[in-house]
Amino acid sequence: MSQTENNPTTAERTSDREFVITRTVNGPAHIVFKAWSDPELFRRWWTPKSFGMTILSCEMDVRTGGGYRLVISHPSMEQPMAFFGKYLDVVPNARIVWTNEEGDGEGAVTTVTFEERDGRTLVVWRDLYPTKDALDEAMVSGATSGFGEQFEQLEALLGTLDA
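Residues numbered from 1 in each chain as written. Predicted model: local features only at pLDDT ≥ 70, side-chain atom pairs only at ≥ 80, totals over all residues. Heavy atoms only, no water.

Enquirer: Can you help me understand the overall build of the protein chain in this one?
Expert: Counting secondary structure elements, the protein chain contains five helices and eight strands. Starting at the N terminus and walking to the C terminus, you meet the elements of the protein chain as α-β-β-α-α-β-β-β-β-β-β-α-α. The globule rule puts the C-alpha radius of gyration for 163 residues at 15 Å, and the 15 Å found for the protein chain is close to it. If one aligns the C-alpha atoms of the protein chain with their principal axes, the spans along those axes are about 40 × 35 × 35 Å. Burial status across the protein chain gives 39% buried among its 163 residues. For the protein chain, long-range pairs separated by at least 24 residues make up 48% of all intrachain contacts whose partners lie at least 6 apart in sequence. Just so you have it, the protein chain exposes about 8,700 Å², and 51% of that area is on carbon and sulfur atoms. Across the protein chain, the 15 positively charged side chains and the 25 negatively charged ones have centroids separated by 3 Å. (Helix = DSSP H or I, 4+ residues; strand = E, 2+ residues; numbered from the N terminus. Rg over C-alpha atoms; globule rule 2.2 N^0.38 Å. Buried < 20%, exposed > 50% of the residue type's maximum accessible area, 1.4 Å probe, protein only. Contact = heavy atoms within 4.5 Å. Areas by Shrake-Rupley, 256 points an atom, 1.4 Å probe, with all protein chains shown as cover. Lys, Arg positive; Asp, Glu negative; His and termini not counted. Charge placed at Lys NZ, Arg CZ, Asp CG, Glu CD.)

Following this line, the structure appears as structure tokens:
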């Protein structure tokens, strides 16, 4: 049985403005949180490899009031694209909430929670968009796809880290 069958990723629109991804991963919450908060680990799994994107730089100050900035390139883009925002709430090993400020106007607010269960961690990722139209646009653009592959990459990374 593959990891995908053991730990399926669900991704669904739960309301006009919210998109939710869930996955149970093999690893304790403190290690999963580290993979989300350590820039060197984060850049190893964040972009789905099949998308052909490269993280050129990754700056993260993962604490309440801190910020992040990712610069990502793709062969189809003339210039690399920056993704950035602020951390609104960080509870180590339990929750990270951040803004997505790179677009025009107000961006989505992302909340990721980590709930440990018997040495495994339930990850719930919620993107709350400012409007129904903003989520509609994200879904059409492909911004709400690739999560299964991302989580497979996270699982592979977790398998290399010491608990």
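Enquirer: Can you walk me through the pairing of strand β1 (residues 10-13) in this structure?
Expert: Taken residue by residue, a regular strand's side chains alternate between the two faces of the sheet. As defined by bridge partners, β1 adjoins strand β2 (residues 18-25) across four bridges and the pair is classed as antiparallel. Counted as the bridge partner of T10 is T22 from β2. What sits between β1 and β2 in their antiparallel hairpin is a turn of four residues. (Pairing = 2+ DSSP bridges.)

Enquirer: I keep staring at the layout of surface pockets and nothing clicks. Help me out?
Expert: Rolled over the atoms, a probe with the dimensions of a water molecule shows which regions are left empty. Of the voids in this model, the largest pocket is the one considered here, and its volume is about 1,300 Å³. In this structure, the largest pocket is lined by 44 residues; those nearest its centre are F83, N100, E102, Y129 and A143. Those elements that provide at least two residues to the lining of the largest pocket are β4 (67-73), β5 (81-91), β6 (95-99), β8 (120-128), α4 (132-141) and α5 (147-158). Tallying contributions element by element places α4 first for the lining of the largest pocket, with five residues. (1 Å grid on protein atoms, 1.4 Å probe; cavity = no way out; pocket = protein on both sides within 12 Å on 5 of 7 lines; lining within 4 Å. Points joined across faces, edges and corners; volume = space filled by probe spheres on them.)

Enquirer: Whenever I open this one, the pairing of strand β7 (residues 109-117) confuses me. Can you help?
Expert: Summarising the sheet, β6 and β7 pair through five bridges and their orientation is antiparallel. Paired with V97 across the two strands is T111, which belongs to β7. Pairing of β7 with β8 involves nine bridges; the strand directions are antiparallel. Each bridged residue has a counterpart across the sheet, and for R117 the counterpart in β8 is R120. Connecting the antiparallel pair β7 and β8 is a turn made up of two residues, with D118 showing a positive phi of about 55 degrees.

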